[in-house]
Amino acid sequence: MILILLGAPGAGKGTQSERIIEDYNIIQISTGDILREEVKKETELGKIAKSYMDKGELVPDDIIIGMMENRLKQDDAQNGVILDGFPRTIAQAEALDKLLEKLGKKLDVVINLEVPFDVLVNRLTARVYCSVCKKTYNLIFSPPKIEGVCDVCGGRLVRRDDDNEETVKNRLNVYLEQTQPLIDYYKEKGILKNIDGNRSPDEVYNDIKNILENIKK
Ligand code: AP5
Ligand code: MG
Ligand code: ZN
């Protein structure tokens, strides 16, 4: 199964991916997570990516497409993947279509999480995540039991560099200009499912599960 989680920054792509991978035998590929690892390791790619990410701009398509081509060919991606944060431009979506065709695979569904922008700003500026196991928390909506400490592994909770208000606003503008057109792109292909993402994570996940159960049949 190959599914895309589409949605603006803060829509809940990462949060829902955590749930999906627990119940289904598939992996999550988050371009944002891969890029943040490269930034942390201070690789050449990481240095280039950081200059875009810190401003809330998209990393150039050719870099992302090359990176995903390699990632999708790896062994652990053969059973099924959740694409989280990719594609994000029409050029990336077209490259993905070609790549999947080459690999003899097909895209099963695109799940679009809809959340109003004012809610997104509140979610992102209150997000923290575990520096060790990467679990995501929210200081308003889902705080950890002990401040600054991961419930699961005891790791230290940190903020993302791009979760400050100014960068968040730019990320949302970039989404409107470059990523939102993908909604029509996939609607025309007949594989788009819209979900109201402005409910509790459990309610959102229930809808996702219903969609995925129908695909498996
Ligand atoms: P990326 O890491 O993909 O960030 P993003 O798209 O901005 O999305 P987020 O990870 O911020 O949001 P999310 O939807 O995963 O929300 P989450 O579940 O964490 O990309 C970062 C940067 O990398 C980009 O700006 C770009 O520079 C670069 N990049 C990445 N991919 C690229 C690509 N393909 N092309 C070019 N450049 C690329 O939830 C957010 C918060 O809300 C959390 O605190 C969570 O606990 C909370 N929350 C979640 N769901 C709910 C709910 N239902 N109710 C209440 N709170 C909730
Ligand atoms: Mg995410
Ligand atoms: Zn942890």
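Attention in this report is confined to the structure presented alongside it. Keep in mind it's a predicted model, so treat the numbers as computed, not measured. (Residues numbered from 1 in each chain as written. Chains lettered and ligands numbered in written order. Predicted model: local features only at pLDDT ≥ 70, side-chain atom pairs only at ≥ 80, totals over all residues. Heavy atoms only, no water.)

### What about the pattern of salt bridges?
Here's step 1: Tallying each qualifying case throughout the model produces 20 salt bridges.
Here's step 2: A salt bridge links Asp-54 to Lys-50; the shortest N-O distance between them is 2.7 Å.
Here's step 3: The exposure class assigned to Asp-54 is partly exposed, which follows from its relative accessible area of 33%.
Here's step 4: Where Lys-73 meets Glu-69, a salt bridge forms, and the shortest distance between an N and an O atom there is 3.7 Å. You can see Lys-73 and its partner Glu-69 sitting in helix α4 (residues 61–73), 4 residues apart, about one turn around the helix.
Here's step 5: Overall, the relative accessible area of 24% leaves Glu-69 in the partly exposed class.
Here's step 6: Put simply, Arg-127, Arg-160, Asp-162, Asp-163 and Arg-171 are held in one network by salt bridges that share partners. (Salt bridge = Lys/Arg side-chain N within 4 Å of Asp/Glu carboxyl O. Buried < 20%, exposed > 50% of the residue type's maximum accessible area, 1.4 Å probe, protein only. Helix = DSSP H or I, 4+ residues; strand = E, 2+ residues; numbered from the N terminus.)

### Quick notes on the sheet that holds strand β8 (residues 192–196)
Here's step 1: Taken in spatial order, the 5 strands make up an open sheet running β2-β3-β1-β4-β8, and their pairing is parallel. Either end of the sheet is taken by a strand with one partner, and the two such strands are β2 (27–30) and β8. Each strand axis lies, on average, 25° off the axis of its neighbour in the sheet, ignoring direction.
Here's step 2: Of the pairings in the sheet, the one linking strand β1 (residues 2–7) to strand β4 (residues 109–114) comprises 5 bridges and is parallel in character. Bridging across to β4, Ile-4 finds its partner in Val-110.
Here's step 3: Strands in contact with α4 are β2 and β3 (81–84); relative to β2, the strand with the most contacts, it is inclined by about 170°. (Pairing = 2+ DSSP bridges. Axes fitted to C-alpha atoms, helices over the stretch in contact; angles between N-to-C directions. Contact = heavy atoms within 4.5 Å.)

### A short note on the packing of helix α1 (residues 13–23) against helix α9 (residues 201–216)
Any two packed helices are characterised by the angle at which their axes cross and by the distance between the axes.
Here's step 1: With their axes 10 Å apart at the nearest point, α1 and α9 run at an angle of 50° to one another. Looking at the two axes, α1 sits oblique to α9. The handedness of the crossing between α1 and α9 is right-handed. Where α1 approaches α9, its residues Thr-15, Gln-16, Arg-19, Ile-20 and Asp-23 are matched on the opposing element by Pro-201, Asp-202, Val-204, Tyr-205, Ile-208, Lys-209 and Leu-212.
Here's step 2: Taken together, the residues of the contact of α1 with α9 sort by class into 6 nonpolar, 2 polar and 4 charged. (Parallel < 35°, antiparallel > 145°, perpendicular 65-115°, else oblique. Left-handed = near helix turned anticlockwise from the far one by under 90°. Nonpolar A, V, L, I, M, F, W, Y, C, P; charged D, E, K, R; others polar.)

### Notes on the site of ligand 1
Here's step 1: Around ligand 1, the structure places 36 residues, and the nearest of them are Thr-15, Glu-57, Arg-88, Arg-127 and Arg-171.
Here's step 2: Interatomic distance of 3.0 Å between a backbone N/O atom of Gly-12 and an oxygen atom of ligand 1.
Here's step 3: At a separation of 2.5 Å, an oxygen atom of ligand 1 approaches a polar side-chain atom of Thr-15.
Here's step 4: Contact with the protein chains hides 96% of the accessible area of ligand 1, taken as 1000 Å² for the molecule alone.
Here's step 5: At the level of elements, α1, α2 (31–40), α6 (117–125) and β6 (136–138) are the ones that each hand at least two residues to the shell around ligand 1.
Here's step 6: Per-element tally for the shell around ligand 1: the top contributor is α2, with 4 residues.
Here's step 7: Here the shell around ligand 1 is built from residues that sort into 13 nonpolar, 13 polar and 10 charged. (Near = heavy atom within 4 Å. Polar contact = N/O pair within 3.5 Å; in protein donor to acceptor, adjacent residues only side chain to side chain. Areas by Shrake-Rupley, 256 points an atom, 1.4 Å probe, with all protein chains shown as cover.)

### Some words on the packing of aromatic side chains
Here's step 1: One pass over the full model with this rule turns up 2 aromatic pairs.
Here's step 2: A ring pair is formed by Phe-117 and Tyr-175, whose centres lie 6.3 Å apart and whose planes are at 55°; its orientation type is tilted. Taken together, the residues Phe-117 in helix α6 and Tyr-175 in helix α7 (residues 165–179) connect sequence positions 58 residues apart.
Here's step 3: Aromatic side chains Tyr-185 and Tyr-186 sit 5.0 Å apart centroid to centroid with 90° between the ring planes, which places their arrangement in the edge-to-face category. The pair Tyr-185 / Tyr-186 is uniform in exposure class, with both members buried.
Here's step 4: One cation-aromatic arrangement involves Lys-135 over Tyr-137; the distance from NZ or CZ to the ring centre is 5.5 Å. (Phe/Tyr/Trp six-rings, centres within 6.5 Å; stacked < 30°, edge-to-face > 60°. Lys NZ or Arg CZ within 6 Å of the ring centre and 35° of its normal.)

### Digging into the pairing of strand β5 (residues 127–130)
Here is the key point about a regular strand: its side chains alternate between the two faces of the sheet.
Here's step 1: Burial of β5 is two-sided: the residues Arg-127 and Tyr-129 facing one way and the residues Val-128 and Cys-130 facing the other way are all buried.
Here's step 2: Judged from the 3 bridges that link them, β5 and β6 form a sheet pairing that is antiparallel. Following the sheet pairing, Tyr-129 is matched in β6 by Thr-136.
Here's step 3: Hairpin connection between β5 and β6: a loop of 5 residues separates the two successive antiparallel strands, and Lys-134 in this loop has a positive phi of roughly 75°.
Here's step 4: In this structure, β5 lies alongside strand β7 (residues 157–158), joined through 2 bridges in antiparallel fashion. Note on β7: the bridge partner recorded for Cys-130 is Leu-157.

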